[in-house]
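# Architecture at a glance
One letter stands for each residue in the lines below.
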Amino acid sequence: MGAVVTTIALLVISNVFMTLAWYGHLKLHSAGVTSNWPLFGVIALSWGIALFEYCFQVPANRIGYADNGGPFSLIQLKVIQEVVSLSVFTVVAMFLFSGEKFHWNHVLSFLCLVAAVYFAFMKTGTS
C-alpha cells in the first residue's frame, strides 16, 4: 500500500508543477508580470517550473511501475496520471482563473475519466 500512496502523492505534486508550467504563465500575463516578455522568456520560465515536475514524475513512475516492483502496469500509471492531471488542473483553474466556469459537460467528461480508471484496473482474465 505504501508504493500506491507514494506514487499517487508524487503524481499529485508533479502535476501541480506541470499545471503551473503549462498554464501559470497565462495568469502571469494577465496580471501584467510577463506581458512584455518575449515568448522565449516565457518558455524558459515554464521549462524551469517543469524541471520540478520531472523531479516528482520520474520517481513516481519508477516507484509505481510493476517491472520495478511497484503495483501498477505502465497503462495503469498513465491512466492514473491523466486523472490526477485533470483533477489538479480543475483545482488550480478554480483558484487562479476565477473567470473559468465548469459546466455539466465538464463534470460528465471527468466521470468518463473515472470510468477509464475502472476499465484500466478491471481484471480481464489474462495476464
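Refer to the structure above for everything that follows.
Our subject in this report is the structure included herewith.

## Brief notes about the environment of Lys-123
- Relative to the helices and strands, Lys-123 resides in the segment after helix 4 (104-121).
- Accessibility expressed as a relative area gives 76% for Lys-123, which makes it exposed.
- When the C-alpha positions of Lys-123 and Ser-73 are compared, they lie 12 Å apart, and in sequence the two are 50 residues distant.

## Describing the nonpolar core
- Grouped together as the largest cluster of nonpolar side chains are 9 residues: Leu-10, Leu-11, Ala-60, Phe-72, Leu-77, Ile-80, Val-84, Val-88 and Val-92.
- Broken down by secondary-structure element, the contributors of at least two residues to this core are helix 1 (2-30) and helix 3 (74-96).
- At 5 residues, helix 3 tops the list of elements feeding residues into this core.

## Looking at the packing of helix 1 against helix 2 (residues 39-64)
- Contact geometry for helix 1 and helix 2: axes closest at 8 Å, N-to-C directions at 170°. If you check the angle between helix 1 and helix 2, you find them roughly antiparallel.
- Taken together, the residues of the contact of helix 1 with helix 2 sort by class into 18 nonpolar, 9 polar and 1 charged.

## Some words on a nonpolar patch on the surface
- On the surface, a nonpolar cluster with roughly 550 Å² of combined accessible area is contributed by Trp-104, Val-107, Leu-108, Leu-111 and Val-114.
- In this structure, Val-114 sits in helix 4.

## Things to note about the side chain of Glu-53
- Considering the arrangement of structural elements, one finds Glu-53 in helix 2.
- Here Glu-53 occupies a buried position and makes no salt bridge, while the nearest side chain of opposite charge, Lys-78, is found at 8.6 Å.
- Setting aside its immediate chain neighbours within four residues, Glu-53 contacts Ser-14, Phe-17 and Met-18.

Basis of the calculations
- Residues numbered from 1 in each chain as written.
- Predicted model: local features only at pLDDT ≥ 70, side-chain atom pairs only at ≥ 80, totals over all residues.
- Heavy atoms only, no water.
- Helix = DSSP H or I, 4+ residues; strand = E, 2+ residues; numbered from the N terminus.
- Buried < 20%, exposed > 50% of the residue type's maximum accessible area, 1.4 Å probe, protein only.
- Core = buried A, V, L, I, M, F, W, Y, C linked by side-chain atoms within 4.5 Å.
- Axes fitted to C-alpha atoms, helices over the stretch in contact; angles between N-to-C directions.
- Parallel < 35°, antiparallel > 145°, perpendicular 65-115°, else oblique.
- Nonpolar A, V, L, I, M, F, W, Y, C, P; charged D, E, K, R; others polar.
- Patch = residues over 30% accessible without salt bridge, like charges linked within 9 Å, V, L, I, M, F, W, Y side chains within 5 Å.
- Areas by Shrake-Rupley, 256 points an atom, 1.4 Å probe, with all protein chains shown as cover.
- Salt bridge = Lys/Arg side-chain N within 4 Å of Asp/Glu carboxyl O.
- Lys, Arg positive; Asp, Glu negative; His and termini not counted.
- Contact = heavy atoms within 4.5 Å.

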